[in-house]
Structure formats: structure tokens, C-alpha cells
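Fold and contact review
Listed here are the chains, written in short residue letters.
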Amino acid sequence: MLSTIKYFPLDARYTILNRMMTLGPTGIRSSGPGTCESRHHSAAVNNGAMVGGSAAVSMGRLRVITCLLNNTDTGAKPASFVKQRASTSEPLPLEDSVTLDLETACPKLEVSEDRKSVRWTGTQRSLPDNGKRFTDWPCVLGSEGFTSGRHYWEVEVKENWGWCLGVAAESLDRERDIKLRQVTGLWSVERAGDEFRVNSSPKPRLITDPIPERLGVYLSYEAGVVSFYSADTKSHLHTFSGNKFTGKLYPFFCTWDGNQCLRTCSGSTLDL
């Protein structure tokens, strides 16, 4: 269970571990804000990191918890995150109903009438320059931006061999050729043919998991977290953490496959 929690989003990880410390099988009980104690010893807690109180928590357990909070290796990596909901009072993020913003769509993209799907046409249409539109790269943003809260959406990517999905800042440059692996204000993963990778700096990191047919994107604004999941297998793929988000963030879509569209889905829940 402990090693599995590493693959949860950061805000959920803190909540679950805090509950384990106060109600877990070690005999530890809460004695007030910021403090946990056993029958004979106590351990101060400051911003989720425990100090002192070796009798309250074994050094081995303390090391594991510290690794999990810092998202470092604990020595064991599960194949997928636990589907069961953790014991937490926080509501689970229901899937947001994401539609596409026509005013941001590149002229080489075709957005469906219901604004749920997008396809690359390769044909440059004559559209007004409104200052919001991506002019070179075949990208489009979601209609609704977020400045707080936890959000989750899924995109069907089955048989589409060229796409990039994630979260973009409102300030993302839209009037020039975007370097997806170097641009700031973009947290994304992409498929290019048979390669599936994280767009990280200074170079992309390959994802060894099978390319999903349906990709889940999770955003926790206050925690500074963007995570990606395979909605097919409910497995965790990658997490960008430690961000200090400011301004509005939008769902980000990019495709350069003219044979298959990307389509937003609905009706799912992210089980933490």
C-alpha cells in the first residue's frame, strides 16, 4: 500500500499518509494540530515531514513515508495505481465536460459541431486573426480555463499516431512554431508514431507503458500537479509536480494525424 501511494497525485498523497499516521495500525494517535504520539513517545510534524520520536515510528517506516512525500524511490514500483478509493474525506474529481474553443483552433484543424472532437486537415483556412488562435502548430485549447480546484478529463486517442495532450497556461505563445519539448507553460505527453514520451526539459523521456487508447489528464491547481493516466488500465503514466501555478490553465490538444480525430470523453471518475 505504501509504495502504491507514490503514484497518487501529490495532494491525495499528503491526505492519505496523514491519515495513516493518525489512525494507522502503529498505535499512533493525534494529540492536536501538527503532532502525533504513541504511548510513550511523540513525533513533531511540520508541513508533512516528521522529525524525532523514533519510538512512535520505526526508522524504516519513516524513510518510506519521507520518500513517498518527496516522490522519490522506495524500492518498489507497482504496475498500476490502486483503483480503490482511499480513506479520505476529499471528494473525488468527477470528469469535467471539456469542449474545444473554436477561437483558439489552428486554421489547419477541423473542430466538430459539438466541439468534442478535432482533426488535422492540412489545409490552411482563412480565419480572422483574433490574438487567441494558434497560427502554426495544430493546437486548440479547451473552452473553460481553471484557476483553482481539482479537474480530470479523458481523451480518446485510439489509432491516432500523432498527438500531444496536457495542460497549457493562458500565456502560452500561439503565434509561432512551438517547441513542444522546450516551451514553458505546457505540461504534456505525446505520441509520435511508435514513440510515447513526456515532453520534459532538457530532453523528452520515453514512457515504456503501452500507448493508451484513452488518456486521462488530472490537474490539481493548488497542489501544483498535472498527472497522466491510461484510462484503459487505470495505470499512472507520469506526474509533473512542484509547480507554482498562477493565472488560468486550459486543457491542451494538438494533433497532426489526418486520419483519426481526438475526442473528449465523459462519464468517468478518477479513483484515487
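As the structure is a computational prediction, the values presented were derived from the model and not from experiment.

So, the sheet that holds strand β17 (residues 262-264)
Pairing between the strands of a sheet comes from backbone hydrogen bonds, and it takes one of two forms, parallel or antiparallel. The seven strands are arranged β5-β6-β17-β8-β13-β14-β15 in an open sheet whose pairing can be described as antiparallel. Unpaired on one side and paired on the other, β5 (109-111) and β15 (235-240) mark the two borders of the sheet. Across the sheet, the axes of successive neighbouring strands diverge by a mean angle of 20 degrees, strand direction being ignored. Summarising the sheet, β5 and strand β6 (residues 117-120) pair through three bridges and their orientation is antiparallel. Bridge pairing in β6 links E110 to R119.

Points about the pairing of strand β13 (residues 214-220)
Along any regular strand, the residues point their side chains to alternate faces of the sheet. In terms of residue burial, β13 counts as a mostly covered element, since six of its seven residues are buried. As judged from the seven bridges shared by strand β8 (residues 150-156) and β13, these two strands associate in the antiparallel manner. When the bridges of β13 are listed, R150 appears paired with S220. Inspection of the sheet shows β13 paired to strand β14 (residues 225-230) by six bridges, in the antiparallel sense. Within β14, the position partnered with L219 by the bridge is V226.

A few points about unusual backbone geometry
Phi at R115 is positive, roughly 60 degrees, even though this residue is not glycine. Counting through the fold element by element, R115 comes out in the loop between β5 and β6. Of note, the phi angle at E159 is positive, near 65 degrees, even though the residue is not glycine.

A look at the sheet that holds strand β9 (residues 162-169)
If you walk across this open sheet you meet the six strands as β7-β16-β9-β10-β11-β12, and the pairing is antiparallel. At either margin of the open sheet sits one strand with a lone partner, and together these are β7 (139-141) and β12 (205-206). Summarising the sheet, strand β11 (residues 195-198) and β12 pair through two bridges and their orientation is antiparallel. Bridge pairing links V198 to R205 in β12.

With respect to the confidence of the model for the chain
In this model, the chain carries a mean pLDDT of 74, and residues with pLDDT of at least 70 account for 61%. This model gives residues 1-7 a pLDDT under 50, and the stretch forms 29 contacts once residues within four places in sequence are excluded. Taken together, the stretch residues 14-91 has pLDDT below 50 and engages in 121 contacts with residues farther than four places along the chain or on a different chain.

Considerations on the pattern of salt bridges
Pairing between side chains becomes possible if they bear opposite charge and their charged atoms approach one another. Scanning the entire structure with this criterion turns up six salt bridges. One salt bridge connects E190 with R197, and the closest N-O pair in it is separated by 2.6 Å. The two residues E190 and R197 agree in class, both being buried. A single network of salt bridges, built from pairs that share partners, joins E190, E195 and R197.

Focus: the environment of N243
With respect to the helices and strands, the residue N243 is situated in the loop between β15 and β16 (249-255). Residues N243 and G224, 19 residues apart in the sequence, show an inter-C-alpha distance of 4.3 Å. Apart from the residues within four sequence positions on either side, N243 is in contact with W187, A223 and G224. Among the polar contacts made by the side chain of N243, one reaches the side chain of W187 at a distance of 3.2 Å. A distance of 2.9 Å separates a polar side-chain atom of N243 from the backbone oxygen of G224.

Cut-offs used in this document
- Residues numbered from 1 in each chain as written.
- Predicted model: local features only at pLDDT ≥ 70, side-chain atom pairs only at ≥ 80, totals over all residues.
- Heavy atoms only, no water.
- Pairing = 2+ DSSP bridges.
- Helix = DSSP H or I, 4+ residues; strand = E, 2+ residues; numbered from the N terminus.
- Axes fitted to C-alpha atoms, helices over the stretch in contact; angles between N-to-C directions.
- Buried < 20%, exposed > 50% of the residue type's maximum accessible area, 1.4 Å probe, protein only.
- pLDDT = per-residue confidence, 0-100.
- Contact = heavy atoms within 4.5 Å.
- Salt bridge = Lys/Arg side-chain N within 4 Å of Asp/Glu carboxyl O.
- Polar contact = N/O pair within 3.5 Å; in protein donor to acceptor, adjacent residues only side chain to side chain.

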